[in-house]
Amino acid sequence: MKIKIINPNTTWSMTEKIGLCARRVAAAGTEIVAVSPGMGPASIESHYDEALSVPGILDEIRKGEADAVDAYVIACFGDPGLYAAREAARGPVIGIAEAAMHAASLIGNSFSVVTTLERTCGIAWHLAEMYGMQRFCRKVRACALNVLDLEHHGSDAYRIILAECRQAMQQDKVDSIVLGCAGMTDLCKKIESELGIAVIDGVTVAVKLAESLVQLGLKTGKRRDLAFPLPKPYTGLLENFSRS
Ligand code: 2AL
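Since the structure is predicted, the reported quantities are computational estimates derived from the model, not experimental observations.

Q: Any chance you could explain the site of the ligand here in plain terms?
A: The immediate surroundings of the ligand are formed by Asn9, Ser43, Ile44, Cys76, Phe77, Thr115, Thr116, Thr120, Val147, Gly180, Cys181 and Ala182. Between the ligand and Gly180, the relevant distance is 3.1 Å, taken from a nitrogen atom to a main-chain nitrogen or oxygen of the residue. Note that an oxygen atom of the ligand is positioned 2.8 Å from one of the backbone N or O atoms of Ala182. Broken down by class, the residue content of the shell around the ligand amounts to six nonpolar, six polar and no charged.

Here is the structure:
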C-alpha cells in the first residue's frame, strides 16, 4: 500500500526526518511517500500559517488521488485542512494530533502535550476539545522553541523539550506525554527511554493507523458531509483548485 505523508510546511529537512521515522515503523509492504507542498509557510505556528498551508495540502491530495495513494497523513500538530483533505480524498486522511491524542486515550486516562511556542497551545486545546479528548488532556505545555529550532543541529532543543517532558511527568501526574510537533518525531523514543513514561509521536501513530484502516478496507465516507467537493470555478490564485 502507498501512504503519503504531507508535511504542510516547506522545510525539506523536516520532511526527510518525518519520512525516515515513518519508514522505521511502516510494515514491509508499505511505501511511504513524504512530501512538502510546493507552496506554503516554512513552519506552522499560528492560525495564519495554518490557513496558508491548506492550499498546498489540498494540491498534494489532488496529486495523490491521481497517484493511487491509499491513505494520507497530515504531519502538522494543528491538523490543518484535515476535513477539507478528507473531502478531497477517497482513502483515509489522518492528522497527527488526532492520532496521538487518540492513542494516548487508549493507553491511559490522562496525557499532557509538550509543544513548541506558547501561542500554539490554544490550537492544541481547541483540537482536544473538538476530538472529545479534553477529558484526557491535563495540560498543554510550551517550550518557547520555534518549529525551525528543531532543525538546527547543535541547538538546545532536545534538552529543553526533555526538561519540559520531565516537568509534565512529575507535575501533571499523567499516563503519557504527547509530542506537539511533527519535527519532534525523531526525539520520541529517546525521551521515552530517558524518562520511563510513554511518549507518543503522532507521525508514527498516524502511519500505523493509516495502515490498519487500509488493511481493513475502510475509506473516507462519501455519503454525507465528507463527499467530494461540488464542481465550481475558483478564481485568482485559486484557479487551479476549480473542480469540474
Ligand atoms: C507544527 C508542526 O507539527 N509542524 C509545524 O510546522 N508546526 N506544530 C507546532 N505546534 O509547532
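That covers the picture; the talk isn't over yet.
Q: Whenever I open this one, the nonpolar core confuses me. Can you help?
A: As a rule of thumb, soluble globular proteins bury nonpolar side chains together. Among the nonpolar cores identified, the biggest contains 73 residues, and Ile5, Met101, Phe111, Ile161 and Ile191 are the most heavily contacted of them. Ranked by residues supplied to this core, first place goes to helix H4 (residues 96-107) with seven residues. The contacts of Met101, once residues within four sequence positions are left out, are Phe77, Phe111, Ala124, Leu127, Ala128, Tyr131 and Met133.

Q: Got a minute to help me understand the sheet that holds strand S2 (residues 31-35) in this structure?
A: Across a sheet, paired strands are connected by hydrogen bonds in the backbone, their directions being either parallel or antiparallel. Overall, parallel pairing links the four strands, which are arranged S2-S1-S3-S4 in an open sheet. The open sheet is flanked by S2 and strand S4 (93-95), the only strands paired with a single partner. Ignoring strand direction, the axes of neighbouring strands in this sheet form an average angle of 20°. Note: strand S3 (residues 71-74) against S4, three bridges, orientation parallel. When the sheet's bridge partners are listed, Val73 is paired in S4 with Ile94. Sheet contacts for helix H1 (residues 12-25): strand S1 (2-6) and S2; angle to S2, the most-contacted strand, approximately 165°. Running over the sheet, helix H2 (residues 47-66) touches S1, S2 and S3 and is turned about 165° from S1.

Q: Before we go on, may I ask you to explain the pattern of salt bridges in this structure?
A: One side chain can pair with another of opposite charge once the charged atoms of both are near each other. The tally for this structure, following the rule as stated, stands at twelve salt bridges. Across the pair Glu164 and Arg141 runs a salt bridge, and its minimum N-O distance is 2.8 Å. Remark: Arg141 occurs in strand S6 (residues 137-142) and Glu164 occurs in helix H6 (residues 157-171); sequence separation between them is 23 residues. The exposure class assigned to Glu164 is buried, which follows from its relative accessible area of 18%. By relative accessible area, which is 6% here, Arg141 ends up buried.

Q: What's the story with the packing of aromatic side chains in this structure? I'm lost.
A: Both the distance between ring centres and the angle between the ring planes are used here to describe each pair of aromatic rings. Summed over the entire model, instances satisfying the criterion amount to zero aromatic pairs. If you follow Lys190 out to its NZ or CZ, it ends over the ring of Tyr158, 4.2 Å from the centre. We note Lys222 situated over the ring of Phe228; from NZ or CZ to the ring centre the distance is 4.2 Å.

Q: In this structure, what is going on with the packing of H4 against helix H8 (residues 202-215)? I would like to understand it.
A: The geometry of a pair of packed helices is captured by two quantities: the angle between their axes and the separation between those axes. At their nearest, the axes of H4 and H8 sit 8 Å apart, and the two run at 85° to each other. In terms of their interaxial angle, H4 and H8 are classed as roughly perpendicular. Residues Ile96, Ala99, Ala100 and Ala103 of H4 pack against Gly202, Val203, Val205, Ala206 and Leu209 of H8. The residue inventory of the contact of H4 with H8, partitioned by class, reads eight nonpolar, one polar and no charged.

Q: How do you make sense of the sheet that holds S6 when you look at a structure like this?
A: Spatially, S6-S5-S7-S8 is the arrangement adopted by the four strands of the open sheet, whose pairing is parallel. Two strands lie at the open edges of the sheet, namely S6 and strand S8 (198-201), each paired on one side alone. On average, each strand axis in the sheet is tilted by 25° relative to the strand beside it, whichever way the strands run. Contacts from H4 reach strand S5 (111-115), strand S7 (176-179) and S8 within the one sheet, and its direction differs from that of S8 by about 155°.

Thresholds, definitions, all that
- Residues numbered from 1 in each chain as written.
- Predicted model: local features only at pLDDT ≥ 70, side-chain atom pairs only at ≥ 80, totals over all residues.
- Heavy atoms only, no water.
- Near = heavy atom within 4 Å.
- Polar contact = N/O pair within 3.5 Å; in protein donor to acceptor, adjacent residues only side chain to side chain.
- Nonpolar A, V, L, I, M, F, W, Y, C, P; charged D, E, K, R; others polar.
- Core = buried A, V, L, I, M, F, W, Y, C linked by side-chain atoms within 4.5 Å.
- Buried < 20%, exposed > 50% of the residue type's maximum accessible area, 1.4 Å probe, protein only.
- Helix = DSSP H or I, 4+ residues; strand = E, 2+ residues; numbered from the N terminus.
- Contact = heavy atoms within 4.5 Å.
- Pairing = 2+ DSSP bridges.
- Axes fitted to C-alpha atoms, helices over the stretch in contact; angles between N-to-C directions.
- Salt bridge = Lys/Arg side-chain N within 4 Å of Asp/Glu carboxyl O.
- Phe/Tyr/Trp six-rings, centres within 6.5 Å; stacked < 30°, edge-to-face > 60°.
- Lys NZ or Arg CZ within 6 Å of the ring centre and 35° of its normal.
- Parallel < 35°, antiparallel > 145°, perpendicular 65-115°, else oblique.

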